[in-house]
Amino acid sequence: RGKNDECCYYEKPPKINLKVLRKAGIQLDELVRHYALCCEYMWNKIETSEDGQSIYVIDLDGIRLRDFVGEVVDFVKRASLFCTKHYPERSGSIYVINVPTWFSAIWAVVKP
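Residues numbered from 1 in each chain as written. Predicted model: local features only at pLDDT ≥ 70, side-chain atom pairs only at ≥ 80, totals over all residues. Heavy atoms only, no water.

**Student:** Whenever I open this one, the overall build of the chain confuses me. Can you help?
**Tutor:** Looking only at helices and strands, the chain features four helices and three strands. The order of α-helices and β-strands along the chain, N terminus first, is β-α-α-β-α-β-α. Taking 2.2 N^0.38 as the reference for a compact globule, 112 residues should give roughly 13 Å; the C-alpha atoms of the chain span a radius of gyration of 15 Å, in line with that estimate. Across its three principal axes, the chain shows a C-alpha extent of roughly 40 × 35 × 20 Å. (Helix = DSSP H or I, 4+ residues; strand = E, 2+ residues; numbered from the N terminus. Rg over C-alpha atoms; globule rule 2.2 N^0.38 Å.)

This is how it looks when you write it as structure tokens:
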């Protein structure tokens, strides 16, 4: 929790291995649904206050330029769209950490 009791959500997108997930039969739609279910759980079980906001930390440690092609970009866009569409008032703070120098050009493409 944050200093104002905000729920904290920590994500490591570079650690998502879409090739392994696909080999296990998990499609991108299912991964986005899982992300949505995690969000729903957070807002219905962990932070039940109607006024509650979150601290969202995105850790990009280990990300490579080639990680931002195809399905990875599609997943990030769809996950961001879900939160923007369903929980716009819930985003208190968003922190992107361990950012490589080339990231600003990519962020222009994937930001919500």
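Moving on, there is more to tell.
**Student:** Please explain the environment of Ala24 as it appears in this structure.
**Tutor:** Its place among the elements puts Ala24 in the loop between α1 (18-23) and α2 (28-46). A sequence separation of 67 residues divides Ala24 from Ser91, and the C-alpha atoms of the two residues are 32 Å apart.

**Student:** What exactly am I supposed to notice about the state of the cysteines here?
**Tutor:** In protein structure, a disulfide is the covalent linkage between the sulfur atoms of two cysteines. Across all of its chains, the model carries zero disulfides by this definition. Cys8 forms no disulfide, and the closest cysteine sulfur to it belongs to Cys7, at a distance of 7.4 Å. Of the cysteine sulfurs around Cys83, a residue in no disulfide, the closest is that of Cys39, at 3.8 Å. (Disulfide = S-S within 2.5 Å.)

**Student:** It is not clear to me how the confidence of the model for the chain should be interpreted in this structure. Could you clarify?
**Tutor:** Per-chain confidence: the chain averages 84 in pLDDT, with 97% of residues scoring 70 or above. Model confidence for the chain, summarised as mean pLDDT per element, is weakest for helix α4 (residues 103-110) at 75 and strongest for α2 at 90. (pLDDT = per-residue confidence, 0-100.)

**Student:** I keep staring at a nonpolar patch on the surface and nothing clicks. Help me out?
**Tutor:** On the surface, a cluster of nonpolar side chains totalling about 300 Å² of accessible area is made up of Tyr10, Tyr95 and Ile97. With respect to the helices, strands and loops of the structure, Tyr95 is situated in strand β3 (residues 91-97). The exposure class assigned to Tyr95 is partly exposed, which follows from its relative accessible area of 45%. (Patch = residues over 30% accessible without salt bridge, like charges linked within 9 Å, V, L, I, M, F, W, Y side chains within 5 Å. Areas by Shrake-Rupley, 256 points an atom, 1.4 Å probe, with all protein chains shown as cover. Salt bridge = Lys/Arg side-chain N within 4 Å of Asp/Glu carboxyl O. Buried < 20%, exposed > 50% of the residue type's maximum accessible area, 1.4 Å probe, protein only.)

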